[in-house]
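Overview (structure and organization)
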Amino acid sequence: MNPSLLVELFTEELPPKALKHLGEAFGLRLQDGLIRAQLKDHDVRGTQIFATPRRLAVLIKHVRPKAADRTESKKLMPSKVAFGADGKPSAALAKRLEKEGATVAQIERRVEGDAEYAFLTQTIPGLTLAAGLQLALEEAIAKLPIPKVMSYQLADGATTVQFVRPAHGLVALYGGDIVDVSVLGLKAGRTTHGHRFQGVKDIPVDAADAYEEALAAHGQVIPSFDSRRTETERLLRAQAATLGASLGPEDDVAPLLDEVTALVEQPSVYVGEFEREFLAVPQECLILTMRQNQKYFPLFGAAGKLTNKFLIVSNMRLDDSKNIVEGNQRVVGPRLEDARFFYNQDRKQRLEERVPQLARVVYHNKLGSQLERVERVQLLAGKIAREIGADPVLAERAAWLAKADLVTGMVGEFPQLQGIMGRYYALADGEDARVADAVEQHYCPRHAGDVLPDNSAAIALALADKLESVVGLFSIGQIPTGDKDPYGLRRATLGCIRILIEKKIHVEWRTLLDAACTICQNQLDSNQVVSLYSFWTERLRNLLTDLGHPIRRVDAALGGNPWRLDLIIDRIEAVKAFEALPEAQSLSAANKRIKNILAKVDYRGILDPNPGVEKEPAEKKLFEALLDLGVTVDKQLAQKQDQQSLTQALVTLATIRELVDRFFEEVLVMAEDKKKRENRIEMLGKLSALMNRVADISLLSA
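In this report, the structure presented in the accompanying data block is examined. (Residues numbered from 1 in each chain as written. Predicted model: local features only at pLDDT ≥ 70, side-chain atom pairs only at ≥ 80, totals over all residues. Heavy atoms only, no water.)

Of the regular secondary structure elements, the protein holds 26 helices and 19 strands. For a compact globule of 702 residues, the expected C-alpha radius of gyration is about 27 Å, and the protein comes in at 36 Å, more than 25% above that figure. Going through the 702 residues of the protein one by one, you find that 49% of them count as buried. For the protein, the accessible area works out to roughly 33,400 Å², and carbon and sulfur atoms hold 50% of it. Of the side chains in the protein, 91 bear a positive and 95 a negative charge, and the two mean positions are spaced by 2 Å. (Helix = DSSP H or I, 4+ residues; strand = E, 2+ residues; numbered from the N terminus. Rg over C-alpha atoms; globule rule 2.2 N^0.38 Å. Buried < 20%, exposed > 50% of the residue type's maximum accessible area, 1.4 Å probe, protein only. Areas by Shrake-Rupley, 256 points an atom, 1.4 Å probe, with all protein chains shown as cover. Lys, Arg positive; Asp, Glu negative; His and termini not counted. Charge placed at Lys NZ, Arg CZ, Asp CG, Glu CD.)

As a further point, take empty space enclosed by the protein. A probe as big as a water molecule, rolled over the atoms, marks out the empty space that is left. Summed over the entire model, instances satisfying the criterion amount to one cavity of 30 Å³ or more. What the largest cavity holds in volume is close to 40 Å³. If you trace the largest cavity, you find it lined by Asp346, Arg347, Gln349, Leu351, Arg354, Thr408, Tyr425, Ala428 and Asp429. Contributing elements (two or more residues each) for the lining of the largest cavity: α10 (351-354) and α14 (420-428). (1 Å grid on protein atoms, 1.4 Å probe; cavity = no way out; pocket = protein on both sides within 12 Å on 5 of 7 lines; lining within 4 Å. Points joined across faces, edges and corners; volume = space filled by probe spheres on them.)

With 14 residues, helix α17 (residues 489-502) should reach 20 Å at 1.5 Å per residue; the first-to-last C-alpha distance of 20 Å fits that figure. Counting buried positions along α17 yields 10 of 14 residues, so the element is predominantly enclosed. Leu489, Ala492, Thr493, Gly495, Cys496, Ile497, Arg498, Ile499, Leu500 and Ile501 are the residues of α17 that are buried. Looking at the buried residues of α17, the elements they touch are α16 (456-475), α18 (509-519), α19 (526-546) and α21 (568-579). Within two residues after α17, Lys504 carries a phi angle of roughly 55°, on the positive side. (Expected span 1.5 Å × (residues − 1). Contact = heavy atoms within 4.5 Å.)

In this section: the environment of Ser246. Inspection of the secondary structure puts Ser246 in the loop between α6 (225-242) and α7 (250-261). A sequence separation of 80 residues divides Ser246 from Glu326, and the C-alpha atoms of the two residues are 22 Å apart. Contact partners of Ser246, with chain neighbours within four places excluded, come to Ala240, Pro298, Leu299 and Phe300.

A separate point is the packing of α6 against α7. With their axes 10 Å apart at the nearest point, α6 and α7 run at an angle of 125° to one another. Considering their axes alone, α6 and α7 lie oblique with respect to each other. Crossing of α6 against α7: the hand is right-handed. The segment α6 lies against α7, with Phe225, Arg228, Arg229, Thr232, Glu233, Leu236 and Arg237 engaging Glu250, Val253, Ala254, Leu257, Asp258, Val260 and Thr261. For the contact of α6 with α7, the residue count by class is six nonpolar, two polar and six charged. (Axes fitted to C-alpha atoms, helices over the stretch in contact; angles between N-to-C directions. Parallel < 35°, antiparallel > 145°, perpendicular 65-115°, else oblique. Left-handed = near helix turned anticlockwise from the far one by under 90°. Nonpolar A, V, L, I, M, F, W, Y, C, P; charged D, E, K, R; others polar.)

Within a regular strand, side chains alternate between the sheet's two faces. Bridging between strand β7 (residues 150-153) and strand β8 (residues 160-163) involves four bridges; their strand directions are antiparallel. Among the inter-strand pairings, Gln153 is bridged to a residue of β8, identified as Thr160. Where β7 hands over to β8, the hairpin turn is made up of six residues, of which Gly157 adopts a positive phi near 75°. (Pairing = 2+ DSSP bridges.)

Before going further, it helps to spend a moment on the sheet that holds strand β5 (residues 107-112). If you walk across this open sheet you meet the three strands as β4-β6-β5, and the pairing is antiparallel. Of all strands in the sheet, those bounded by a partner on one side alone are β4 (70-78) and β5. On average, adjacent strands in this sheet sit at an angle of 35° to one another, irrespective of strand direction. Bridging between β5 and strand β6 (residues 115-124) involves six bridges; their strand directions are antiparallel. Residue Ile107 lies in a different strand from β6, and its bridge partner there is Leu120. Against the sheet, helix α3 (residues 91-100) engages β4, β5 and β6, with an angle of about 150° to β4.

So, on to the nonpolar core. Ranked by internal contacts, the top residues of the largest apolar core, which has 95 residues, are Met290, Met410, Leu463, Leu467, Leu500 and Trp536. Ranked by the residues each element gives to this core, the list is headed by α16, at 13 residues. Not counting chain neighbours up to four residues away, the residues in contact with Met290 comprise Phe274, Lys295, Tyr296, Pro298, Leu306, Phe310, Val332 and Leu336. (Core = buried A, V, L, I, M, F, W, Y, C linked by side-chain atoms within 4.5 Å.)

Let us now look at the environment of Ser531. By the secondary structure assignment, Ser531 is in helix α19. Ser531 sits 417 residues away from Asp114 along the chain, and the two C-alpha atoms are 57 Å apart. Non-local contacts of Ser531, meaning those with residues more than four positions away in its chain, are made with Phe474 and Ile479.

Contact geometry for helix α25 (residues 657-666) and helix α26 (residues 674-691): axes closest at 14 Å, N-to-C directions at 155°. In terms of axis orientation, α25 runs roughly antiparallel to α26. Of the two elements, α25 crosses α26, and the hand of that crossing is left-handed. For the pair α25 and α26, the contacting residues are Val660, Phe663 and Phe664 in the first and Arg680, Met683, Leu684 and Leu687 in the second.

By the secondary structure assignment, Pro282 is in the loop between β15 (268-273) and α8 (283-294). In contact with Pro282, not counting residues within four places along its chain, are Tyr343, Met421 and Tyr424.

Time to look at the sheet that holds strand β9 (residues 167-174). Spatial strand order, β2-β3-β1-β9-β10: five strands in an open sheet with antiparallel pairing. Each having just a single partner strand, β2 (48-52) and β10 (177-178) make up the two edges of the open sheet. Where β2 lies against strand β3 (residues 55-60), five bridges are found, and the strand directions are antiparallel. When the sheet's bridge partners are listed, Phe50 is paired in β3 with Ala57.

Written as structure tokens, this is what we have:
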């Protein structure tokens, strides 16, 4: 079995937020380069990627010392050009052989098609490990996803190289042997380096497979990012449990855990605390200050309430941590004092008094200021509130105050707190609690899977805020293209759709879009309206398929133009129940046939325009059944539109299958007699409309 290959690039401190990604890219690109050089099989099991604040490294198992030789055959020229009449090589062939570094003995004459050609067959030596690794290393470094490249001079004072941070060491070991490669002015050796303060400075690595153990034993370094993250999390959770506290929601803990893992080589966790009086400040401010500025882990007690203790992840493992803890406590105090200052200063002015200041904040140079936007959103929120049965006074008041916290000191310092601080300030001003909640919740959902607004005024405002944004930006041509969506219009549209579906809002979405289009400052032209509706429908389609519904059912449900999104899941479930019926496939195929016929003729939607015209027996029976079914389905859908009634309507429609089949067997739709033809076309049109009341079942046809 072939030995392992170790490559390590030792650097100055790497950017922590990019470290994990840089480590993976470096290791995987090196591995791919060796595979392309045929120095390693595609089986990549056992490859280990390492990344610490000062190194990128990879251990690749089962690497060949040399790639296998390969035979290559190349067509040079027709034989009649390569050889003279006497069979001797021509001057043209001799010149080509000289260029290829080959001899006549390597020439083979083969017939290809109708002619004979001269082929050069050569054995190409496989790359040595040193040559293949050199190429792979240069390519991996050149293509590394570096956030910001740094240029620096080498020790010779003349050569300038570029990398994410200055590199100071290169290790390349194949088994126990050094591989002769170089990069960034560094020649490969076997010496790595331990923890900056608590490990052996220079550590000779005996063999590639001994790398991780040598760093752990002598360098006080855990080189694997994943292993170091696991150990950091274990220490954090153990310390929190000892204190009877928690670290808070996992979604908040995970990003910070990744970042601190990239800041330490061997983690230790210590407990710090701050003065209890700071807890009078909204806890979101304190939490953000500790996490964002200091990389601390706040601790929470019962019901998620912030305590005055926090955890410090340190790169120093000490028996006496007093200096570390006290130093961090001295640092966090002024940070929390800043937060308290902003909070106290902001409360000296009421939110409603700040609203006029939004006139100085540009929303978009073609859509005006934030104040102008607030006026549009307020008008739209009132309209939507009336549509959904919410209190328009509360919705409009919340809309008026919703953006006022953008001009507060706290949100200026921490933009992530917009809405959150608005709620605190609204409550401090004595606003209705429902208004205050709506001020915070109108941003929801902020991302996929986020919570939705939970009171009717907040729902009306959240819809208004998002719809105004989408419609307004569409009106000035800011339509998302490809993967570019700088204004988050996809997210805003999905947020509206989720609210309408999950909150069971009994209003047609086209009503909301039309209201937004009417209120929008720049009116949309007909093409923009079509684009807007298509954009909305595509987001809805993607959301439903992401939820696990088969695409054919989604398309069938959407084919029925379901403006009420609170019923869309029920429609899809009704389609599912219809598919299980024995009549389903036949009816779907018949409906598809009907749509194809109607697409080629002038269908006016008039049932039986020529009542005196004699009907064929099969035609007459279908006509009578159609009238009866129409009445029945109308009653079923008029009472209560839910999954049960929608399914019942489709089941009722399935009873007409035999009559439809018989009609197509016995009746010629496109009869020569114009009046008969018109009657049959109009009847099929009504039949198609009735069958598609719940869903476009033609799309279920195989």
